[in-house]
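Spelled out from the first residue to the last, the chains are:
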Amino acid sequence: MINELKPYAEYKDSGLPWLGTVPRHWKQERAKGLFTKVERPVRPEDETITCFRDGTVTLRKNRRLRGYTEAIYELGYQGIRRGDLIIHAMDAFAGAAGVSDSDGKGSPIYGVCTPKLYANPHYYAFVVREMARSQWILALSRGIRERSTDFRFESFGRQFVPYPLPDEQAAIVRFLDHANGKIERAIRAKRSLIALLNEQKQAIIHRAVTRGLDPAVKLKPSGIPWLGDVPQHWEVRRNSYLFDERNERGRTGLPILVVSLRTGVTQGQDFNEDGREKRLIADVTKYKFADKEDIAYNMMRMWQGAVGVVPVPGMVSPAYVVAKPRSGVLSGYYDLLFHTNECKNEVNRYSRGIVTDRNRLYWDQFKRLFFPLPPFAEQQQIVTWIEESTATLNTAISRAEREIELLREYRTRLTADVVTGKLDVREAATKLPAEPNETAEELDQEEALDEIDSEEIEA
């Protein structure tokens, strides 16, 4: 059905750089003529609603229960009702705009908009997100920092936006809900495949790094509950025996290194993929030096696997710990060990903090952890064997991740073309079967986790 879509018969220039040409019969209206900003009081029973960057606006508990920055005092919070168009003033440039699926309360940074007659809030949520995708909102920024926006209702209200007839707005929404639902289901299926492949990979890695490669080797109790039995000729040592803390500061002329959950330690960029400026401290001399083959980890996210081997000499945030391996310690082996689920659970047990999801693993806790110490040559053999044994799995995972990326790109392009009138979906929308709406609870947890900011601590 999507392949059968065609452009409209006639077009005209909209006069708007982000919009381009539009169907000749479409009008344009200022957003303030289509929506009214409301400021409702908060009711005692109202729960917190969050506007996410993927356009979902829902009760916070529907998406996830952890990883939020909690407000101590909810000053200025406002009432939100199901069907309101919500625009996140500071994050609208990244797509944080959508229609609330719940009643509740939200931050004063949200623009809460109710539609006037003939305005479909779901259609205009797509419009605002297209303004973000085209970087028009970023261009209108009134923020005091580069790559920071302040897209409040006053800014939104002044903008001219397309105005298809109400029936056509509804057809566009119905078509996109259907198409996006099919694409999302395909993405979830591929994520499920990736999860299964990662489980197989984890099983291979865990056995190799905790039992070695010889299935007939004699075992002995390690004395460490999470580790269990280990080969009889292995030692079990505290990290203080395996690593020294490296805490050198003040070096200049070296690249900034960052630790990612997905890619380990890499050279940093000035901006994140979504365009946000990375929050790096102004005085780079306060950063820590990390040498090649050191282990670096994010104190606040080590329990999630934010750790890796340093690829080149560089500087890392003071929010990181840098561990220098001693003689006989292969960083690659311990990197694999640190990424096992059992090890991450142990790390979480040793982490400390006021808020559970912001617990930090400081050097003083890290050095107390016990880990196996195979002979150095055996560590090398294990790393090489794991690389060879998981190569096919890694290829399959990469292929599935690339397919997800292509599906997302296709969804973005399709949405943009339909919302701006480049494709006519009126007839196609009449042929769609009735389908249940996806709910916020059904969203993939890995995607939700990706939205949690990996904070940098400014010294």
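Placed above this text is the structure.
Predicted model, so just to flag it, every value in this text is computed and none were measured.

How each quantity is defined
Residues numbered from 1 in each chain as written. Predicted model: local features only at pLDDT ≥ 70, side-chain atom pairs only at ≥ 80, totals over all residues. Heavy atoms only, no water. Helix = DSSP H or I, 4+ residues; strand = E, 2+ residues; numbered from the N terminus. Buried < 20%, exposed > 50% of the residue type's maximum accessible area, 1.4 Å probe, protein only. Areas by Shrake-Rupley, 256 points an atom, 1.4 Å probe, with all protein chains shown as cover. Core = buried A, V, L, I, M, F, W, Y, C linked by side-chain atoms within 4.5 Å. Contact = heavy atoms within 4.5 Å. Arc of directions from axis to C-beta. Pairing = 2+ DSSP bridges. Axes fitted to C-alpha atoms, helices over the stretch in contact; angles between N-to-C directions. Left-handed = near helix turned anticlockwise from the far one by under 90°. Nonpolar A, V, L, I, M, F, W, Y, C, P; charged D, E, K, R; others polar. Salt bridge = Lys/Arg side-chain N within 4 Å of Asp/Glu carboxyl O. Polar contact = N/O pair within 3.5 Å; in protein donor to acceptor, adjacent residues only side chain to side chain. Parallel < 35°, antiparallel > 145°, perpendicular 65-115°, else oblique.

## Details of the overall build of the protein
Here comes step 1: Within the protein, the regular secondary structure consists of 13 helices and 24 strands.
Here comes step 2: Here the protein, with 459 residues, has 48% of them falling under the buried criterion.
Here comes step 3: Total accessible area computed for the protein in this model is approximately 22900 Å², and 50% of it derives from carbon and sulfur atoms.

## Remarks on the nonpolar core
One recurring pattern in soluble globular proteins is that nonpolar side chains are buried together.
Here comes step 1: Ranked by internal contacts, the top residues of the largest apolar core, which has 47 residues, are Phe35, Ile87, Tyr124, Phe156 and Phe175.
Here comes step 2: Broken down by element, this core gets its largest block of residues, eight residues, from helix α2 (residues 121-133).
Here comes step 3: When sequence neighbours within four positions are dropped, the list of residues in contact with Ile87 reads Ala92, Ala96, Ala97, Ile109, Tyr110, Gly111, Cys113, Val128, Phe151 and Phe156.
Here comes step 4: Membership of the second largest hydrophobic core comes to 36 residues, among which are Val230, Leu242, Tyr297 and Tyr334.

## Notes on helix α8 (residues 341-350)
In an α-helix, one turn spans 3.6 residues, which is why side chains three or four residues apart end up on the same side.
Here comes step 1: Three or more residues of α8 are buried, namely Cys343, Lys344, Glu346, Val347 and Tyr350. One side of α8 carries all its buried residues, which in axial view fall inside an arc of 160 degrees. Residues of α8 that are exposed and point more than 90 degrees away from the buried face comprise Asn345 and Arg349.

## Some details on the sheet that holds strand β20 (residues 295-298)
For sheets, the rule is that strands pair by backbone hydrogen bonds, running either parallel or antiparallel.
Here comes step 1: In space, the four strands of this open sheet follow the order β16-β23-β20-β21, with antiparallel pairing throughout. Every interior strand has two partners, whereas the edge strands, β16 (243-245) and β21 (307-309), have only one. Going across the sheet, the axis of each strand differs from the next one's by a mean of 30 degrees, ignoring polarity.
Here comes step 2: Here β20 pairs with β21 via three bridges, running antiparallel. Bridge pairing in β21 places Tyr297 opposite Val307.
Here comes step 3: Running over the sheet, helix α7 (residues 331-338) touches β16, β20, β21 and β23 (320-325) and is turned about 160 degrees from β21.

## Digging into the environment of Asn62
Here comes step 1: Locating Asn62 in the fold gives a position in helix α1 (residues 60-63).
Here comes step 2: Given a relative accessible area of 15%, Asn62 falls into the buried group.
Here comes step 3: Taking the C-alpha atoms as reference points, Asn62 and Thr50, 12 residues apart in sequence, are found 9.7 Å from one another.

## Here we look at the environment of Val127
Here comes step 1: Considering the arrangement of structural elements, one finds Val127 in helix α2.
Here comes step 2: Looking at Val127, the relative accessible area reads 0%, which means it is buried.
Here comes step 3: Spatially, the C-alpha atom of Val127 lies 8.5 Å from that of Ala416, the residues being 289 residues apart in sequence.

## Here's the deal with the packing of α2 against helix α11 (residues 391-419)
Here comes step 1: The N-to-C vectors of α2 and α11 enclose an angle of 115 degrees; their axes lie 10 Å apart at closest approach. Of the two elements, α2 crosses α11, and the hand of that crossing is left-handed. For the pair α2 and α11, the contacting residues are Tyr123, Phe126, Val127, Glu130 and Arg133 in the first and Thr412, Arg413, Thr415, Ala416 and Val419 in the second.
Here comes step 2: Of the residues contributing to the contact of α2 with α11, the split by class is five nonpolar, two polar and three charged.

## A few points about the pattern of salt bridges
Here comes step 1: Within the structure shown, the criterion is met by 24 salt bridges.
Here comes step 2: A salt bridge links Arg43 to Asp46, with the nearest nitrogen and oxygen atoms 3.0 Å apart.
Here comes step 3: Exposure remark for Asp46: the relative accessible area of 6% places this residue in the buried category.
Here comes step 4: If you follow the salt bridges from partner to partner, you end up with Arg246, Glu248, Arg251 and Asp294 in one network.

## Notes on the side chain of Arg301
Here comes step 1: Within the secondary structure, Arg301 sits in the loop between β20 and β21.
Here comes step 2: Arg301 sits in the buried class, given a relative accessible area of 8%.
Here comes step 3: A distance of 2.6 Å separates the side chain of Arg301 from the side chain of Gln304, its partner in a polar contact.

## Some remarks on the packing of helix α5 (residues 166-211) against α7
Here comes step 1: Relative orientation of the contacting elements α5 and α7 amounts to 125 degrees, with a least axis distance of 9 Å. The angle between α5 and α7 places the two elements in the oblique class. Judged by the twist between their axes, the crossing of α5 over α7 is left-handed. In contact with Ile205, Val209 and Thr210 of α5, α7 contributes Tyr333, Leu336 and Leu337.
Here comes step 2: Taken together, the residues of the contact of α5 with α7 sort by class into five nonpolar, one polar and no charged.

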